[in-house]
Amino acid sequence: MRAIQVLIILICFLCNMLDGMDVLIISYTAPAIAKAWSISPANLGIVFSSGLVGMTVGAIFLAPLADRFGRKPLMILAALIMGSCIYLTSFATDINVLMIYRFISGLGIGTMMASTAAITAEYAPVSTRDFWVSTVVAGYPVGAVLTGISSAKIIAESGWEHLFQLAGIATFLVVPILLFLLKESDEFKAKAKPEDAKLSALFTAEYKWSTWQLWGALFLSFTTLYFLMNWIPKLATNAGLSMELAIYSGTIFNLGAIVGIPVQGYFSSRFGLKKSIGTLLLITAVLLGIFGLFSGSNLILVVLFFLGFGVQGSFVGLYAVAARMYPTAFRSTGVGWAIGMGRLGGIIGPVLGGLLVGLGFGMAQSFIFFALPSFIAGLITLKISAKTIS
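Residues numbered from 1 in each chain as written. Predicted model: local features only at pLDDT ≥ 70, side-chain atom pairs only at ≥ 80, totals over all residues. Heavy atoms only, no water.

- As annotated in an unreviewed UniProt entry, the protein chain is Aromatic acid/H+ symport family MFS transporter from Aquirufa novilacunae.
- Heading Subcellular location (unreviewed entry) of the UniProt record for the protein chain holds this comment: "Membrane". (UniProt positions renumbered as here; feature names shortened; annotations may be inferred.)

Shown next as structure tokens:
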């Protein structure tokens, strides 16, 4: 690995840390906001999903512009959008304003994730590309965990508003790093052609079936993932845990991801992407189904760790599938639309979670419900037909 390769990978890892912080901050602050504003579970689910709608729109409509104008300008734009809206969220006074800020910040988050995956795939050595793409996206749960660790104390001492202000400032700090240190890859400059970056390129005879399979697997895995990420702290609170312990339960879930993502990258490099990711999704489905057996036991935290290990390790692996499946000329388009289709499932997951909580479902019952999409996603992943994916 040359120094420039290491530098680009570190920058992309940092950007994904900020992504994780900016996505999960609403989950960690949800109990405090719900208490302060008397928000119902169903309306809280809509707040969660408003950010995911923004991420979907960003991934589908903004991220593909990176194939036309370059990864660097889109990543700078994404950081500016994220930083400003996360900071302004601290001044929200009602649920409607909160949803608007979450939607706009989501535009930046969706754009950033697709762009970092694309540029990492172009800079990483071919033999270890899957590992490095997965490792870079592992910045996402690292940011989420660091936010979770610090959020309980910050919220208790300074209020939830202060947490959003700190997150916004931290996101702004990456802008000069991107401006002065990030460089477009030689592969992009040599091969990218604006006229190739069209949605229709994903549905030529070579890519059509595998595109549908990838979208289906991402849609279902995101449905489960974003239900878990957004609702674990609130469900834990409903189960009788203190607000501080409920926040830490979400942190443990993301801590599992920090371990699971690089482990998945290693297994994928050794045994193949499809087999590794598909198996992780099937194991996740089993863990969701048997979660209720551990109610009232400290082993719940262990299960939450392995749920984070499985579901986040596998969804990141699907990013690597997308980055490997599509060529440089329309890689950001392919990755962006794949993430966008996954985000549609992510939008549905929190809303379904809110409806289930409103109906009186506890953690165990809700987890059983979401075992099915994880199981189906695992089966689809094992059958992805792209020739470039083993």
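From this point, things continue past the structure.
## Describing the packing of aromatic side chains
Okay, step 1: Tallied over the full model, the rule gives 25 aromatic pairs.
Okay, step 2: Their ring planes at 70° and their centres at 5.3 Å tell us that Phe 369 and Phe 370 sit as a pair that is edge-to-face.
Okay, step 3: Relative accessible area serves as the criterion here: at 40%, Phe 369 is assigned to the partly exposed category.
Okay, step 4: Among the aromatic side chains, those forming a connected cluster through ring pairs are Phe 61, Phe 203, Trp 212, Trp 215 and Trp 337. (Phe/Tyr/Trp six-rings, centres within 6.5 Å; stacked < 30°, edge-to-face > 60°. Buried < 20%, exposed > 50% of the residue type's maximum accessible area, 1.4 Å probe, protein only.)

## As for helix 15 (residues 331–358)
At 3.6 residues per turn, the α-helix brings residues three or four places apart onto the same side.
Okay, step 1: The first and last C-alpha atoms of helix 15 sit 41 Å apart over 28 residues, in line with the 40 Å expected at 1.5 Å per residue.
Okay, step 2: For helix 15, the buried fraction is high: 22 of the 28 residues fall into the buried class.
Okay, step 3: Phi turns positive, to about 100°, at Gly 360, one or two residues after helix 15. (Helix = DSSP H or I, 4+ residues; strand = E, 2+ residues; numbered from the N terminus. Expected span 1.5 Å × (residues − 1).)

## Remarks on a nonpolar patch on the surface
Okay, step 1: A cluster of nonpolar residues, Leu 372, Phe 375, Ile 376, Leu 379 and Leu 382, forms a patch on the protein surface that exposes about 420 Å² of accessible area.
Okay, step 2: By secondary structure assignment, the location of Leu 372 is in helix 17 (residues 371–382).
Okay, step 3: On the basis of relative accessibility, which here comes to 55%, the residue Leu 372 falls in the exposed class. (Patch = residues over 30% accessible without salt bridge, like charges linked within 9 Å, V, L, I, M, F, W, Y side chains within 5 Å. Areas by Shrake-Rupley, 256 points an atom, 1.4 Å probe, with all protein chains shown as cover. Salt bridge = Lys/Arg side-chain N within 4 Å of Asp/Glu carboxyl O.)

## Some thoughts on the environment of Ser 210
Okay, step 1: Along the chain, the position of Ser 210 falls in helix 11 (residues 208–238).
Okay, step 2: What makes Ser 210 buried here is its relative accessible area of 2%.
Okay, step 3: Between the C-alpha atoms of Ser 210 and Ile 149, which are 61 residues apart in sequence, the distance is 39 Å.
Okay, step 4: Once residues within four sequence positions are removed from consideration, Ser 210 is found in contact with Met 325, Ile 384, Ser 385 and Ala 386.
Okay, step 5: Of the polar contacts made by the side chain of Ser 210, one reaches the backbone oxygen of Tyr 207; its length is 3.1 Å. (Contact = heavy atoms within 4.5 Å. Polar contact = N/O pair within 3.5 Å; in protein donor to acceptor, adjacent residues only side chain to side chain.)

## Section: the pattern of salt bridges
Okay, step 1: Following the criterion strictly, the structure yields six salt bridges and no others.
Okay, step 2: With its nearest N and O atoms 2.7 Å apart, the salt bridge here joins Arg 71 to Asp 67. Here Arg 71 and Asp 67 have matching classes, each one buried.
Okay, step 3: Of the charged contacts, one joins Glu 187 and Arg 331 as a salt bridge, the two residues approaching to 3.6 Å between their closest N and O atoms. In this pair, Glu 187 is assigned in helix 10 (residues 186–191) and Arg 331 in helix 15, connecting sequence segments 144 residues apart.

## Focus: the packing of helix 13 (residues 273–290) against helix 14 (residues 299–325)
Relative placement of two packed helices is described by the angle separating their axes and the distance separating the axes.
Okay, step 1: Two elements in contact, helix 13 and helix 14, have axes separated by 9 Å at closest approach and are oriented at 150°. Regarding the angle of helix 13 to helix 14, the classification is roughly antiparallel. Classified by chirality, the crossing of helix 14 by helix 13 is left-handed.
Okay, step 2: Tallied by class, residues from the contact of helix 13 with helix 14 come to 14 nonpolar, five polar and one charged. (Axes fitted to C-alpha atoms, helices over the stretch in contact; angles between N-to-C directions. Parallel < 35°, antiparallel > 145°, perpendicular 65-115°, else oblique. Left-handed = near helix turned anticlockwise from the far one by under 90°. Nonpolar A, V, L, I, M, F, W, Y, C, P; charged D, E, K, R; others polar.)

## A look at the environment of Ile 119
Okay, step 1: Inspection of the secondary structure puts Ile 119 in helix 5 (residues 95–123).
Okay, step 2: Judged by relative accessible area, which is 0%, Ile 119 ranks as buried.
Okay, step 3: Expressed as a C-alpha distance, the spacing of Ile 119 and Thr 237, which sit 118 residues apart in the sequence, is 40 Å.
Okay, step 4: Not counting residues within four places of it along the chain, the set of residues in contact with Ile 119 comprises Ile 8, Cys 12, Arg 71, Met 75, Leu 182 and Lys 183.

## What about the packing of helix 1 (residues 3–37) against helix 4 (residues 71–89)?
Okay, step 1: Between helix 1 and helix 4, the shortest axis-to-axis distance is 11 Å and the interhelical angle comes to 30°. The angle between the axes of helix 1 and helix 4 places the two elements in the roughly parallel class. Our pair here, helix 1 against helix 4, has a crossing hand that is left-handed. The residues of helix 4 that touch helix 1, namely those facing Cys 12, Cys 15, Leu 18, Asp 19 and Asp 22, are Met 75, Met 82 and Ile 86.
Okay, step 2: When grouped by side-chain class, the residues that make up the contact of helix 1 with helix 4 number six nonpolar, no polar and two charged.

## Structural notes on unusual backbone geometry
Okay, step 1: Positive phi, close to 55°, is recorded for Ser 38, a residue that is not glycine.
Okay, step 2: Locating Ser 38 in the fold gives a position in the loop between helix 1 and helix 2 (41–62).

## Details of the nonpolar core
Okay, step 1: Core analysis: the largest hydrophobic core is formed by 118 residues, its most contacted members being Leu 178, Leu 214, Tyr 226, Leu 307, Val 321, Met 325 and Phe 367.
Okay, step 2: For this core, the element with the highest residue contribution is helix 1, accounting for 16 residues. (Core = buried A, V, L, I, M, F, W, Y, C linked by side-chain atoms within 4.5 Å.)

## Observations concerning the side chain of Ser 105
Okay, step 1: Structurally, Ser 105 can be placed in helix 5.
Okay, step 2: The class of Ser 105 is buried, set by a relative accessible area of 0%.
Okay, step 3: Ignoring any residue separated from it by four or fewer positions in sequence, one finds Ser 105 in contact with Ile 81, Met 82, Cys 85 and Ile 86.

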